[in-house]
Amino acid sequence: MRILITNIAALCQTEAADTTPIRRVAGTAMSSIPTVNDAWLVIDNGIIHSYGSMKSMPEMTADETIDATGRMVLPAWCDSHTHLVFAAPRDGEFVDRIKGVSYEEIARRGGGILNSADKLNAMDEGLLYEQSLQRLHKVMSQGTGAIEIKSGYGLTLEGELKMLRVIRKLREAVNIPVKASFLAAHAYPRAYRDNKEAYVDLIINKMLPVVAAEGLADYMDVFCEQGFFGIPETERLLEAGWKYGMKPKIHANQLHHSGGVQTGVKHNALSVDHLECVGDAEIEALKGSQTMPVLLPGAAFFLGITYQPARRIIDAGLPVCLATDYNPGSCPSGNVPLLLSIACTQLKMTPEEAINAVTINGAAAMELEDKMGTIKHGKLGNIIITEKIPSLAYIPYDYGNMPVHRLIC
Ligand code: NIG
Ligand code: FE
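Remember, predicted model here, so these are calculated numbers, not experimental data.

## Structural notes on unusual backbone geometry
Backbone geometry at Gln 13 places phi at a positive 65°, although glycine is not the residue there. By secondary structure assignment, the location of Gln 13 is in the loop between β1 (2-12) and β2 (35-44). For Asn 45, which is not glycine, the phi torsion reads 45° and is therefore positive. Within the element layout of this structure, Asn 45 appears in the loop between β2 and β3 (47-53). A residue is classified by how much of its surface remains accessible, and Asn 45, at 58% relative accessible area, is exposed.

The structure is reproduced here in structure tokens:
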């Protein structure tokens with residue numbers, strides 16, 4: 001199946017075939033989106049075949065030809081941090097927070113993640129899958145062309161396996177890359193409240209071996225935070241994950257300067273995610289490391305907490321990745337165009353920086369930089385055709401609306 005797209009007003013985020021592959025972009029390089037105006041693009045059996053300027057388009061035939069006059073084409077969004085598999089919304093807690101109860105207080109009262117775990121453990125796997133597939137199709141219609149999904153609402157061996165099996169079925173059901181992270185260390189179940197070490201033991205000795213043996217997860221995640229999993233517990237868990245080749249991708253520095261970023265870097269995490277609480281020490285730790293800082297401003301927006309210091313991180317020469325954190329508690333939206341609007345208006349990222357953060361850097365945060373993130377010969381043809389829009393900046397500018405006309409994948 002060959003798809004030819006012609007008259008593309010701007011083909012964005014292109015990468016030449018014969019140059020050193022771009023693995024991620026950092027610092028000032030984040031300001032640039034290489035673009036071919038008035039372009040054509042060929043996707044052959046799902047793989048980017050060739051592209052160029054309309055002035056020099058060779059004679060060719062295709063099974064489907066799309067006239068993209070007035071539209072832009074860019075690589076599909078790579079959303080590297082979601083909790084898209086969940087059983088029920090938490091709109092009641094949303095109202096409690098409006099009335100002044102904090103996210104941490106709700107968690108202390110046994111709501112929050114434990115609330116989601118109760119619902120998930122009670123739900124039939126088939127229904128959980130159906131609901132999750134609907135969410136996945138929705139975010140794909142909003143331009144997401146690769147996604148990472150976490151477990152972490154099971155908190156029991158059965159519940160965690162149920163979630164990870166659902167993620168595996170989702171991967172088989174859609175034509176986009178789906179990565180899985182094992183996040184049993186998301187909260188302490190009620191039964192372990194007074195014996196936290198026993199829960200860490202359970203994860204390491206009972207859950208991890210099964211998850212690894214069944215090949216159910218790519219990455220090891222921990223909610224490293226005061227009141228959740230501290231540094232010593234996080235270190236034990238990350239070391240245990242590494243024994244099975246599961247790289248860390250951790251929740252860090254959401255609510256406090258907890259040392260999570262430094263711990264992630266020390267354990268060669270692929271990414272450290274959230275980063276609302278980041279200062280000089282965290283930035284210094286990230287410099288010289290390969291660990292990707294992943295910012296989740298949708299969660300800061302929804303919880304009404306301080307935004308991540310994206311400018312300081314970029315101005316320090318580091319890369320920034322953006323992801324949605326789609327989950328029922330802190331960010332019930334997987335809408336990447338809306339995320340881009342928040343990143344531009346609140347984190348003061350330019351549209352180009354924000355788009356780099358959710359394309360090539362999003363791909364890197366899931367080890368998909370060889371397959372996704374730029375328009376390059378040989379990469380997957382997972383691309384977005386936009387509505388008729390005047391500029392790249394119009395995508396975050398037109399906030400709350402949907403600039404995506406079609407996702408091809
Ligand atoms: O990334 N911070 C921890 N985990 C999720 C929220 C989970 C929940 O509240 O259900 C997050 O924000
Ligand atoms: Fe999260």
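## Brief notes about the domain arrangement of the chain
If you check the domain split of the chain, you get domain 1 (2-75 + 374-408) and domain 2 (78-364). Averaged C-alpha coordinates put domain 1 and domain 2 at centres separated by 29 Å. The partner domain 2 presents 35 residues to the 29 residues of domain 1 that form the contact. Of the roughly 2300 Å² buried at the junction of domain 1 and domain 2 (both faces included), carbon and sulfur atoms supply 67%. Where domain 1 touches domain 2, the interface holds zero salt bridges. Run the count over domain 1 and domain 2 and you get eleven residue pairs in polar contact (both at pLDDT 80 or more). Split by residue class, the side of domain 1 that touches domain 2 holds 19 nonpolar, seven polar and three charged.

## Quick notes on the pattern of salt bridges
Considering all chains together, one arrives at 23 salt bridges under this definition. Note that Arg 109 is salt-bridged to Glu 105, the shortest N-O span being 3.2 Å. A salt bridge links Arg 190 to Asp 118, with the shortest nitrogen-to-oxygen separation between them at 3.0 Å. Residue Arg 190 is found in the loop between β8 (178-185) and α6 (196-213), and its partner Asp 118 is found in helix α3 (residues 113-122); the two are separated by 72 residues along the sequence. Taking the relative accessible area as the measure of exposure, Asp 118 reaches 41% and is therefore partly exposed. Salt bridges sharing partners connect three or more residues here, namely Glu 15, Lys 376 and Lys 379.

## Quick word on the nonpolar core
Judged by nonpolar contacts, the single largest core of 107 residues is most densely connected at Phe 182, Leu 322 and Met 349. Per element, the largest residue contribution to this core is seven residues, and it comes from α6. Shared between two domains, this core takes at least three residues from each, and those domains are domain 1 (2-75 + 374-408) and domain 2 (78-364). Excluding its chain neighbours within four sequence positions, the residues that come into contact with Leu 322 are Cys 78, Leu 295, Pro 297, Leu 339, Leu 340, Ala 343, Leu 347, Met 349, Ala 354, Ala 357 and Val 358.

## Remarks on the sheet that holds strand β9 (residues 219-224)
Strand order in the open sheet made by the eight strands is β6-β7-β8-β9-β10-β11-β12-β13, with parallel pairing throughout. In this open sheet, the two strands that pair with only one neighbour each are β6 (77-79) and β13 (321-322). Here strand β11 (residues 271-274) runs beside strand β12 (residues 292-295); their pairing, made up of four bridges, is parallel. For Asp 273, the partnering residue across the bridge sits in β12 and is Val 294. Of the strands in this sheet, β7 (144-150) and β8 are in contact with helix α5 (residues 157-173), which crosses β8 at around 175°. Across the sheet, helix α12 (residues 336-346) touches β6, β7 and β13, and the angle it forms with β6 is around 85°.

So, how was this worked out
Residues numbered from 1 in each chain as written. Chains lettered and ligands numbered in written order. Predicted model: local features only at pLDDT ≥ 70, side-chain atom pairs only at ≥ 80, totals over all residues. Heavy atoms only, no water. Helix = DSSP H or I, 4+ residues; strand = E, 2+ residues; numbered from the N terminus. Buried < 20%, exposed > 50% of the residue type's maximum accessible area, 1.4 Å probe, protein only. Domains from an automatic or database assignment. Contact = heavy atoms within 4.5 Å. Buried area = accessible area lost by both parts, 1.4 Å probe. Salt bridge = Lys/Arg side-chain N within 4 Å of Asp/Glu carboxyl O. Polar contact = N/O pair within 3.5 Å; in protein donor to acceptor, adjacent residues only side chain to side chain. Nonpolar A, V, L, I, M, F, W, Y, C, P; charged D, E, K, R; others polar. Core = buried A, V, L, I, M, F, W, Y, C linked by side-chain atoms within 4.5 Å. Pairing = 2+ DSSP bridges. Axes fitted to C-alpha atoms, helices over the stretch in contact; angles between N-to-C directions.

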